[in-house]
Amino acid sequence: MTASEAGALAISDGRLALSALLILVNVGLSLALRLGLARSLLVASVRMVVQLLLVGSVLEWLFRQDNAPLIVLLGAAMAMIAGISAVQRTRRRFVGIYLNSLLSVLAASALVTGLAVAGLIQPQPWYNPQYLIPLLGMVLGNALNGISLGLDRFMEGLGSGRDRVETALALGATRWEACQEVVRDAIRVAMIPTINSMMVMGLVSLPGMMTGQILQGAAPAAAVRYQIVILFMVASATALGVFGVVALAYGRLTSPEHQLRLDRLVMVGD
């Protein structure tokens, strides 16, 4: 039996435990250089192992289900967690920021994943969790990072450029004319990681899903096709999510009377 027929080689519990020794390199460096990261590395490692083992068990159960409402509900819960997590990484907040993030994540991921599943991959049934959940998870993870970067950059840009924006408004500029550079900069910064990743894909890095499919015995050409679709999904969902959340933040932090409303911003911990 060839490697491709056998699928990925199994990793025993003992070998999995031995892999934990690799993190000791990080811990050793932290202790030697007094970085103060040893405890955080150990806690993060334990949390990661527990969370992934639990997720593995849940996915094994979920992949045996044939219940569309349950699978859609799980997808919505994943989007909700992503929306909340995106805001948790920002240093400033305003009333409604969590709802804005949730709406942006949900709309972008549902639209892109729905189009890809229904129009491109076409699993049967359409809610097949073996396809829907991993694809949605990858889209959400990248959209979350983009939304967090975009939100933080937009609010930071308004704060640092307050004098310039308010001067433009005082001279008769509309709120869009005064804030458009900040909006564009926020969206641009949020998209840079995705663009950089696409630029070196296949030359510097092999993406996780493609590697996983190859280890499972899929032909590299077939795995590449899936990865191309996924990268286009990620780029599209990130762009839509970032645009949505920045547009909503722009509407909240400016007024129809063309005023800058930074009084609605609070620093985390204030």
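Definitions and cut-offs
- Residues numbered from 1 in each chain as written.
- Predicted model: local features only at pLDDT ≥ 70, side-chain atom pairs only at ≥ 80, totals over all residues.
- Heavy atoms only, no water.
- Helix = DSSP H or I, 4+ residues; strand = E, 2+ residues; numbered from the N terminus.
- Contact = heavy atoms within 4.5 Å.
- Patch = residues over 30% accessible without salt bridge, like charges linked within 9 Å, V, L, I, M, F, W, Y side chains within 5 Å.
- Areas by Shrake-Rupley, 256 points an atom, 1.4 Å probe, with all protein chains shown as cover.
- Salt bridge = Lys/Arg side-chain N within 4 Å of Asp/Glu carboxyl O.
- pLDDT = per-residue confidence, 0-100.
- 1 Å grid on protein atoms, 1.4 Å probe; cavity = no way out; pocket = protein on both sides within 12 Å on 5 of 7 lines; lining within 4 Å.
- Points joined across faces, edges and corners; volume = space filled by probe spheres on them.
- Nonpolar A, V, L, I, M, F, W, Y, C, P; charged D, E, K, R; others polar.

## Re the environment of Val117
Line of reasoning, step 1. Here Val117 lies in helix 6 (residues 97-121).
Line of reasoning, step 2. Sequence-wise, Val117 and Leu135 are 18 residues apart; in three dimensions their C-alpha atoms are separated by 8.7 Å.
Line of reasoning, step 3. Discounting chain neighbours no more than four positions away, the residues touching Val117 are Gln122, Pro123, Trp126, Leu132 and Leu135.

## Concerning a nonpolar patch on the surface
Line of reasoning, step 1. A cluster of nonpolar side chains, Ile11, Leu16, Met48, Val49, Leu52 and Leu53, forms an exposed patch at the surface whose accessible area comes to about 580 Å².
Line of reasoning, step 2. For the nonpolar patch, the leading source of residues is helix 4 (residues 38-62), giving four residues.
Line of reasoning, step 3. Along the chain, Leu52 falls in helix 4.

## Some details on unusual backbone geometry
Line of reasoning, step 1. Going from Gln124 to Pro125, the amide bond is cis rather than trans, its omega being -5°.
Line of reasoning, step 2. Positionally, Pro125 belongs in the loop between helix 6 and helix 7 (129-160).
Line of reasoning, step 3. Residue Arg34 is not a glycine yet carries a positive backbone phi of 55°.
Line of reasoning, step 4. Tracing the sequence through the fold places Arg34 in the loop between helix 3 (23-33) and helix 4.
Line of reasoning, step 5. The phi torsion at Gln122 lies on the positive side, around 55°, for a residue other than glycine.
Line of reasoning, step 6. Tracing the sequence through the fold places Gln122 in the loop between helix 6 and helix 7.

## What to know about the confidence of the model for the chain
Line of reasoning, step 1. On average, residues of the chain score 87 in pLDDT, and 93% of them are at 70 or above.
Line of reasoning, step 2. Every residue in residues 1-6 scores below 50 in pLDDT, and together they form three contacts with partners more than four places removed in sequence or on other chains.

## With respect to the layout of surface pockets
Line of reasoning, step 1. Roughly 480 Å³ of internal volume is contained in the second largest pocket.
Line of reasoning, step 2. Lining the second largest pocket are 15 residues; nearest its centre among them are Leu16, Ser19, Met48, Val49 and Leu53.
Line of reasoning, step 3. For the lining of the second largest pocket, the elements supplying multiple residues, two or more each, are helix 2 (13-19) and helix 4.
Line of reasoning, step 4. Ranked by residues supplied to the lining of the second largest pocket, first place goes to helix 4 with nine residues.
Line of reasoning, step 5. Considered class by class, the residues forming the lining of the second largest pocket number ten nonpolar, three polar and two charged.

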